[in-house]
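# Remarks on the overall topology
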Amino acid sequence: MGRHFDLAVIGSGPAGYVCAIRASQLGLKAVCIEEDAGLGGTCLNVGCIPSKTLLYSTHLFEQLAHEGGRLGIKASGLECDFAQMMQRKEQVVAGLTGGIKGLFRKNKIERIHGRASFKDDHTLVITPSGEKGEREEVTAQSIVIATGSEPIPLPFLPFDEKRIISSTGALALTSVPKKMIVVGAGVIGLELGSVYRRLGAEVTFIEFLPRICPTLDSEVAAAFEKILQKQGLRFHLATKVIAGHLEGEEVVLKVEGAEGQAKGQASHTADVVLIAIGRRPYTVGLNLEAAGISTEQGGILGIDGSFRTSKPHIYAIGDCAPGAMLAHKASEEGVCVAEIIAGQSPHINYMAIPNVVYTSPEVAAVGMTEEAAAAAGISVKTGAFPFRAVSRAHCTGELDGFVKIIADAKSDRLIGLHIICEHASEMIVEGVVAIEQQLTCKQVAAMSHPHPTYTEAIKEAALAVHKAQLHM
Ligand code: FAD
Ligand code: NAI
């Protein structure tokens, strides 16, 4: 008979580790089972953190190389030390994953290093990941599945993580490719494609849809694409890859127009092909049948409004559950489910979960796009304001982009905020507050925004909803 816990959490990503911490705060005896050596899941090890670290280094490099002279900063012999950039990225990851270890100790959370699978609906068998450790069983009153997601491969071009790479391979290259093709112009492709373009690679996108980033407001996406093109990224939209093979040192991709497009075929070659066509829930090897639960189409774990699977004491959260695959969404669910298990009645407002593309400029959004509002039959007013009319943007030269607000035409409530700006990831929180607090555009416009800051564009866009903008 193994050890018994109030709660067993499978996976230590932002869903699982946050859930374990909150459960422990609420007095539950929690164990977190993680098969990887490092805690923190995709986000800390091969996702948010390493990608943003490389985005920062390469952005700074590009700024100094291309903008320095204009700003009166002369730097000679500027070089990129790729190996050092990658090493620093590893240090940042190690520091933060070590931080979670500390949080587990502080909160008295048991951590088991191994792979969990169900023996029955209250028992998990844990197979040790490393050489050390013994197979063990634990039982738990409640079980949370937080096993995350994995990259989707092209069926005819499996990842070798050297020349046909997923985001994980792209974060671990040992040299900068001369030519990189990115299949999929979504978030991963645009962020990691930007990293390698800044380092000198020729980066070309092949995207199935006639636009980039399908979840963004289409006006924002069109403006974003133009900015990225100016930076040197190339896009083949409405194009699909139909075959691919290795030829000497190169990867050769055969493409043709996506449905409804001219069917002419073409070939493209590259040193490295990054496949970034989405991610799918990762539930392989959990032996869900033994627990009496099953996945829905696409491998997603079906859950009710309280994250319960068909077994009411087994929950699913984060990337392996329905909804956006975002770290902060996963963590909100981690807190929420821990509170539910502890007998509370928390709630998540999914409309107020923001998303950000960390390119330069950044693109951030919260709430509805104009198209989504139209599809929902909501009549809207919009207000937009460009950064070229914002004084702070002139101080820095970061003039690209604009703020767009979607307002409910009847109530004047702000229901969507969309920002293209170098600092959009920090600014978007104003939209989160406005949506959570059901603020009207008049209320947003009436609030003082510090001068000179980029946030003045939000105030102006809120004024523009009523055609009352001051600086345009
Ligand atoms: P994960 O973080 O994937 O964690 C799941 C964990 O479960 C893993 O550690 C895995 O090893 C473990 N596991 C799986 N099966 C078992 C098992 N049977 N036994 C034991 N352990 C198991 N999101 C953002 O919000 N912002 C970003 O900037 C961002 N950038 C990203 C960049 C990249 C390149 C990628 C790939 C993703 C990015 N994401 C970002 C998405 C974000 O990483 C995920 O949404 C988030 O990690 C999901 O958290 P999770 O806890 O559900 O799953
Ligand atoms: P994505 O869903 O963002 O983009 C995939 C793109 O590939 C789409 O534009 C889609 O139309 C296209 N596509 C799909 N199949 C294709 C095919 N066969 N050929 C050509 N194009 C094809 O997925 P991505 O970029 O892989 O990222 C996965 C998830 O990871 C994101 O949805 C996001 O949730 C998360 N993520 C979040 C980040 C952030 O918040 N900054 C950063 C990176 C990832």
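Here goes a summary of the coordinates provided.

## Comments concerning the site of ligand 1
In the neighbourhood of ligand 1, 38 residues make up the surrounding shell, with Glu34, Thr42, Lys52, Asp319 and Ala327 lying closest. Between ligand 1 and Thr42 there is a distance of 2.6 Å, counted from an oxygen atom to a side-chain nitrogen or oxygen. A total of 1000 Å² of accessible area belongs to ligand 1 in isolation, and the protein chains cover 94% of it. Mapped onto the shell around ligand 1, the elements with two or more residues apiece are strand S2 (30–34), helix H2 (41–46), helix H3 (48–71), strand S3 (110–120) and helix H9 (327–341). At 4 residues, H2 tops the list of elements feeding residues into the shell around ligand 1. Counted by class, the shell around ligand 1 contains 17 nonpolar, 14 polar and 7 charged residues.

## Observations regarding the pairing of S3
With 4 bridges joining them, S2 and S3 adopt parallel strand pairing. Note that in S3 the partner of Cys32 across the bridge is Arg111. Pairing of S3 with strand S4 (residues 123–128), which is carried by 6 bridges, proceeds in the antiparallel orientation. Bridging across to S4, Gly114 finds its partner in Pro128. Two successive antiparallel strands, S3 and S4, enclose a turn made up of 2 residues.

## Comments concerning the site of ligand 2
In the vicinity of ligand 2 lie 22 residues, with Glu191, Glu207, Gly278, Met325 and Val356 positioned nearest. Between Val356 and ligand 2, the recorded distance is 2.7 Å, taken from a backbone N or O atom to a nitrogen atom. Per-element accounting of the shell around ligand 2 gives the leading share, 3 residues, to helix H6 (residues 187–198). Here the residues of the shell around ligand 2 are counted per class, giving 15 nonpolar, 3 polar and 4 charged.

Definitions and cut-offs
- Residues numbered from 1 in each chain as written.
- Chains lettered and ligands numbered in written order.
- Predicted model: local features only at pLDDT ≥ 70, side-chain atom pairs only at ≥ 80, totals over all residues.
- Heavy atoms only, no water.
- Near = heavy atom within 4 Å.
- Polar contact = N/O pair within 3.5 Å; in protein donor to acceptor, adjacent residues only side chain to side chain.
- Areas by Shrake-Rupley, 256 points an atom, 1.4 Å probe, with all protein chains shown as cover.
- Helix = DSSP H or I, 4+ residues; strand = E, 2+ residues; numbered from the N terminus.
- Nonpolar A, V, L, I, M, F, W, Y, C, P; charged D, E, K, R; others polar.
- Pairing = 2+ DSSP bridges.

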